[in-house]
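# Structural description and commentary
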Amino acid sequence: METLKKSVLLLGLVLLAMVTACSPKFTEEKKEDFTKVKNEGGSTLGYSPNSGVKLLTVDQYAFKDLNKNGTLDAYEDWRLSADERAKDLAAKLALEDIAGLMLYSSHQSLPGASRGFGSSNYNGKPFPESGAIASDLSDEQKAFLKDDHLRHVLITRVESPAIAAQWNNNAQAFAEGLDFGIPVNTSSDPRHGSDSYAEFNAGAGGEISMWPGTLGIAASFDPDLMKQFGEIASKEYRALGIATALSPQIDLATEPRWSRFDGTMGEDPDLATDLARAYVDGFQSTDGNGWGFESVNAMVKHWPGGGPEEGGRDGHFGYGAYAVYPGKNIKDHMQPFTEGAFKLAGATKMASAVMPYYTISTGEGEKVANGYNKYLITDVLRGEYGYDGVLCTDWGITRDVSAIDKFEGKPWGVETLSEAERHYKAIAAGMDQFGGNNAMGPVLEAYKMGVTEHGEDYMRKRFEESAVRLLKNIFRVGLFENPYLDISETEKIVGNADYMKAGYEAQLKSIVLLKNQQNTLPLKEKQKVYVPQRYIAQSTNWWGVVTPEKTEYPFNMEVVSKYFEVVNDPEEADFALVGIKSPDGGVGYNREDLEKGGNGYVPISLQYDTYTATDARETSLAGGSPLEDFTNRTYRNKSVAANNTTDMALVNDTKKKMGDKPVVVVVHVSNPMVFNEIEKNASAILGHMGVQDQALMDMISGRSEPSALLPFQMPANMKTVELQFEDVPRDMEAYVDSEGNTYDFAFGLNWKGKIEDERVKDYQ
């Protein structure tokens, strides 16, 4: 009897083991528009019931049959490495599929605009007339996903986080139903800037957390703060469906007149290197453990450093096509890449993508833009530094341009080539992807050119190399497993109270106190304040959109009134609060000068009042565009005044009205500026790179104490600006104010005076 009981028990255990061995190790959960599958101890999957994708069960685990062949292919097996999967899929892809991977879309807004830049149709009609909803795919999006096999999409404006999440799910379901089920890799330019008028309330959320720009975070001199930003921003990005950041901009800001100065991390190579490393580590790591579902690919830009533009003119236009190295100092510009973004502290090891800039780096290989420069791409970046991530061109470098000052294509150095020939030249230089290109036709033409020159086997291998790099970045962030979003979770994550608080605290750490005469600040709350209105001249942006002139308060007066009593009469006020922007000294080119017989080139000024460039170079270091019939781009002895000269007058006139009473000046700093026109008439000066007005009021009232430092020099005058080398950091004479303080790199004040702490010692 005892033996029988043991036999029955043993049989039961065997049957239980057999049932367990055959039981699936995954569970399914139906969501609103996708199915979520949780593998026990494995990857979580998501697929759309409308895409035609089914589940495969192998070894009791669930896998997505993305190519719908009923078999588990290596690229569908989440147990394998991203490298193995990418190589398997790349080998399977048709040429058209690879060409599509090599495209990065033009700017997409959700919903698309009805006309002008980024306009879209929905069922053949503009959005307002179509009956579509904001999360629907536009006709153009469906076309480039299906017909051009494009899978990398750049989004800009979104109506709300929920709309962005729903659009993501719609796009992923559409792509999942095509061919190999390759998911959409959505990207974004930086989107965490601060709305100056917004109010921060502890415990309240927003559309997305608001932070100072990277130059503002750089003013904290705190890589840990930059990493915190990356960690939070990456979670918000993924909750919006964004898996690639077209950032950070780690160009060394050695040319103070450059219009993209405020997007950098300052001019010091060591500080920029540490901050670049921290930013990429924060974005790419999930919970500090390497790649995962909260990771975002970081595309660092712009190799080999877009900072040293001659005269400060920007490479978006032909007049700014040249980067120059009078100090023979290209190594400093590469350092944030080679020692920072390519040598991460975290497990992802290096930034997953790199974008070269539009400029021609003079003296560095062929005289063509960096995206076409085989020496800088293949020999230096891939060869000398061993970089094997994705290389993506900046937007529009293969398109045509009709004039030196037109915001069109940016084919510098290859203007006379056809569009297809430009694609081929970039591929031959080592590029993998084309920014802002929706059509695969020119890529296929480039392939044929390569076959003619090198043969079919060579070009197929070359295209597969790019495909593997591009696919690895999609595999590593988990998009092949689950590209779908739970919209309710998106709404909880994006702009939640904790993230808003972290961003606000970072804003406070980014405000630099430059001057504090006789301890003007902090000011007691409820004092009477006079705030003069600021005149803003008419302006036209790069896309030709005109903003009319206006006069308005420079601050959110509702916020100001919560700290101080606002009065309209300077005589009644205890102090004045003046809000201005750093001098807008133009772009360095003026068609009126050309029409009057000049060469079109004029100075870019960092002072408000009229400036005459008597110390400028007599002969420019670079020139020779086929769009011009001369090579010397000098602007010597020409004059220019800032577009916001009225800001200088606002400070000085307010001082006259206030007499001996304090005048507190707040400068929104986009570029270094010459302070001698206004500094003596300011009792206190605060500089910021984009913060909420509330943060400024917290600082002025003493609720917070300033701790930030200048991550760049403020020049003493325009002569030192002209004599400095575009490629050399910290080589200007710095401004000395009436208090005897020098506005040099790493300078800043707190309530006790000049800050002299470990940050200053480490970096100065």
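What counts, and where the lines are drawn
- Residues numbered from 1 in each chain as written.
- Predicted model: local features only at pLDDT ≥ 70, side-chain atom pairs only at ≥ 80, totals over all residues.
- Heavy atoms only, no water.
- Helix = DSSP H or I, 4+ residues; strand = E, 2+ residues; numbered from the N terminus.
- Rg over C-alpha atoms; globule rule 2.2 N^0.38 Å.
- Buried < 20%, exposed > 50% of the residue type's maximum accessible area, 1.4 Å probe, protein only.
- Contact = heavy atoms within 4.5 Å.
- Areas by Shrake-Rupley, 256 points an atom, 1.4 Å probe, with all protein chains shown as cover.
- Lys, Arg positive; Asp, Glu negative; His and termini not counted.
- Charge placed at Lys NZ, Arg CZ, Asp CG, Glu CD.
- Salt bridge = Lys/Arg side-chain N within 4 Å of Asp/Glu carboxyl O.
- Pairing = 2+ DSSP bridges.
- Polar contact = N/O pair within 3.5 Å; in protein donor to acceptor, adjacent residues only side chain to side chain.
- Axes fitted to C-alpha atoms, helices over the stretch in contact; angles between N-to-C directions.
- Patch = residues over 30% accessible without salt bridge, like charges linked within 9 Å, V, L, I, M, F, W, Y side chains within 5 Å.
- Phe/Tyr/Trp six-rings, centres within 6.5 Å; stacked < 30°, edge-to-face > 60°.
- Lys NZ or Arg CZ within 6 Å of the ring centre and 35° of its normal.
- Expected span 1.5 Å × (residues − 1).
- pLDDT = per-residue confidence, 0-100.
- Parallel < 35°, antiparallel > 145°, perpendicular 65-115°, else oblique.
- Left-handed = near helix turned anticlockwise from the far one by under 90°.

### A few points about the overall build of the protein
Each helix and strand counted, the protein has 22 helices and 32 strands in total. On C-alpha atoms alone, the protein measures out to a radius of gyration of 28 Å, which is about the 27 Å that the 2.2 N^0.38 rule sets for 764 residues. With respect to the principal axes defined by its C-alpha atoms, the protein has extents near 105 × 70 × 55 Å. Residues counted as buried form 59% of the 764 residues belonging to the protein. For the protein, the proportion of contacts with a sequence separation of at least 24, taken over those separated by at least 6, is 73%. Summed over its atoms, the accessible surface of the protein is roughly 29,500 Å², and 49% of this surface lies on carbon and sulfur atoms. Across the protein, 77 positive and 111 negative side-chain charges occur, with their mean positions spaced 2 Å apart.

### Points about the pattern of salt bridges
Counted by the stated rule, this structure contains 40 salt bridges. Here Glu722 makes a salt bridge to Arg257, at a shortest N to O gap of 3.2 Å. Placement of the pair is Glu722 in helix α21 (residues 718-723) and Arg257 in the loop between β12 (242-245) and α9 (269-284), with a sequence separation of 465 residues. Considered together, Glu722 and Arg257 belong to a single accessibility category, that of buried residues. The salt bridge involving Glu339 is made with Lys343; its shortest N-O contact spans 3.1 Å.

### Re the sheet that holds β12
Strand order across the open sheet formed by seven strands is β7-β10-β11-β12-β13-β15-β17, with parallel pairing between neighbours. Two strands in the sheet have a free side with no partner beyond their single neighbour: β7 (107-110) and β17 (390-391). Direction of pairing for strand β13 (residues 297-303) relative to strand β15 (residues 353-356): parallel, over a ladder of four bridges. Within the sheet, the bridge partner assigned to Lys301 lies in β15 and is Met355.

### Quick notes on the side chain of Asp88
Of note, Asp88 is situated in helix α2 (residues 82-92). The contact partners of Asp88, leaving out residues within four places of it in the chain, are Asp73, Ala74 and Tyr75.

### Quick look at the side chain of Asp314
Looking at the secondary structure, you find Asp314 in the loop between β13 and β14 (322-323). For the buried residue Asp314, which engages in no salt bridge, the nearest side chain bearing the opposite charge is Arg260, 5.2 Å off. One polar contact links Asp314 to Trp258, side chain to side chain, over a distance of 2.7 Å. A polar side-chain atom of Asp314 sits 2.5 Å from a polar atom in the side chain of His316. Apart from the residues lying within four places of it in its own chain, the contact partners of Asp314 are Trp258, Ser259, Arg260, Glu309, Tyr319, Gly320, Tyr357 and Trp542.

### Describing the sheet that holds strand β1 (residues 26-30)
With antiparallel pairing, the three strands of this open sheet are ordered in space as β1-β2-β3. Each edge of the open sheet carries a strand with a single partner, namely β1 and β3 (44-47). Within this sheet the neighbouring strands show an average axis-to-axis angle of 20°, counted without direction. With five bridges connecting them, β1 and strand β2 (residues 35-39) associate as antiparallel partners. By the bridge assignment for β2, Glu29 is matched with Lys36.

### A short note on a negative patch on the surface
A surface patch of like charges, here negative, comprises Glu565, Asp569, Glu571, Glu572 and Asp574. On the accessibility criterion, Glu565 (40% relative accessible area) is partly exposed.

### Digging into the packing of aromatic side chains
The tally for this structure, following the rule as stated, stands at 34 aromatic pairs. Note on Trp303 and Phe337: the rings are 5.4 Å apart at their centroids and 90° apart in plane angle, and the pair reads as edge-to-face. Residue Trp303 is found in strand β13, and its partner Phe337 is found in helix α10 (residues 330-341); the two are separated by 34 residues along the sequence. The exposure class assigned to Trp303 is buried, which follows from its relative accessible area of 0%. Three or more aromatic residues joined by ring pairs form one cluster here, namely Phe317, Tyr319, Phe407, Tyr589, Tyr601 and Phe630. Above the face of the Tyr358 ring, Lys410 is positioned so that its terminal group lies 5.7 Å from the ring centre. Geometry around Phe407 places Lys410 over its ring, the cationic atom sitting 4.0 Å from the centre.

### Here's the deal with helix α8 (residues 223-240)
Under the 1.5 Å per step criterion, the end-to-end length of α8 is 26 Å for 18 residues, consistent within 8% with the ideal 26 Å. What α8 keeps buried is the set Leu225, Met226, Phe229, Gly230, Ile232, Ala233, Ser234, Glu236, Tyr237, Arg238, Ala239 and Leu240. Here α8 starts with a cap whose side-chain oxygen sits 3.0 Å from the backbone nitrogen of Asp224, and that cap is Asp222. With its phi angle positive at about 90°, Gly241 sits one or two positions after the end of α8.

### A closer look at the confidence of the model for the protein
With 97% of its residues at a pLDDT of at least 70, the protein reaches an overall mean of 95. Scored below 50 in pLDDT, residues 13-20 shows one contact in the model against residues more than four places distant or in partner chains.

### Comments concerning the packing of helix α13 (residues 441-454) against helix α14 (residues 456-476)
At a minimum axis distance of 7 Å, the contact between α13 and α14 shows a crossing angle of 135°. What the angle tells us is that α13 and α14 run oblique. As for how α13 packs across α14, the hand of that crossing is right-handed. Here Val443, Ala446, Tyr447, Gly450, Val451 and His454 of α13 lie close against α14, whose contacting residues are Glu456, Tyr458, Met459, Arg460 and Phe463.

### Brief notes about the environment of Thr338
Checked against the element boundaries, Thr338 lands in helix α10. Put simply, Thr338 and Glu140 are 198 residues apart on the chain and 38 Å apart in space, counted from C-alpha to C-alpha. Apart from the residues within four sequence positions on either side, Thr338 is in contact with Trp303, Lys343 and Tyr385.

### Some points on α10
An ideal rise of 1.5 Å per residue puts 16 Å on 12 residues; α10 measures up with 17 Å between its terminal C-alpha atoms. The element α10 is extensively covered by neighbouring structure, given that 10 of its 12 residues are classed as buried. Of all the residues in α10, the buried ones are Ile330, Asp332, His333, Met334, Gln335, Pro336, Phe337, Thr338, Gly340 and Ala341.

### Describing the pairing of strand β19 (residues 512-516)
The buried fraction of β19 amounts to five of the five residues, a majority that puts the element mostly inside the structure. Here β19 pairs with strand β30 (residues 684-688) via four bridges, running antiparallel. Bridge assignment links Asn516 to a residue of β30, and that residue is Ala684.

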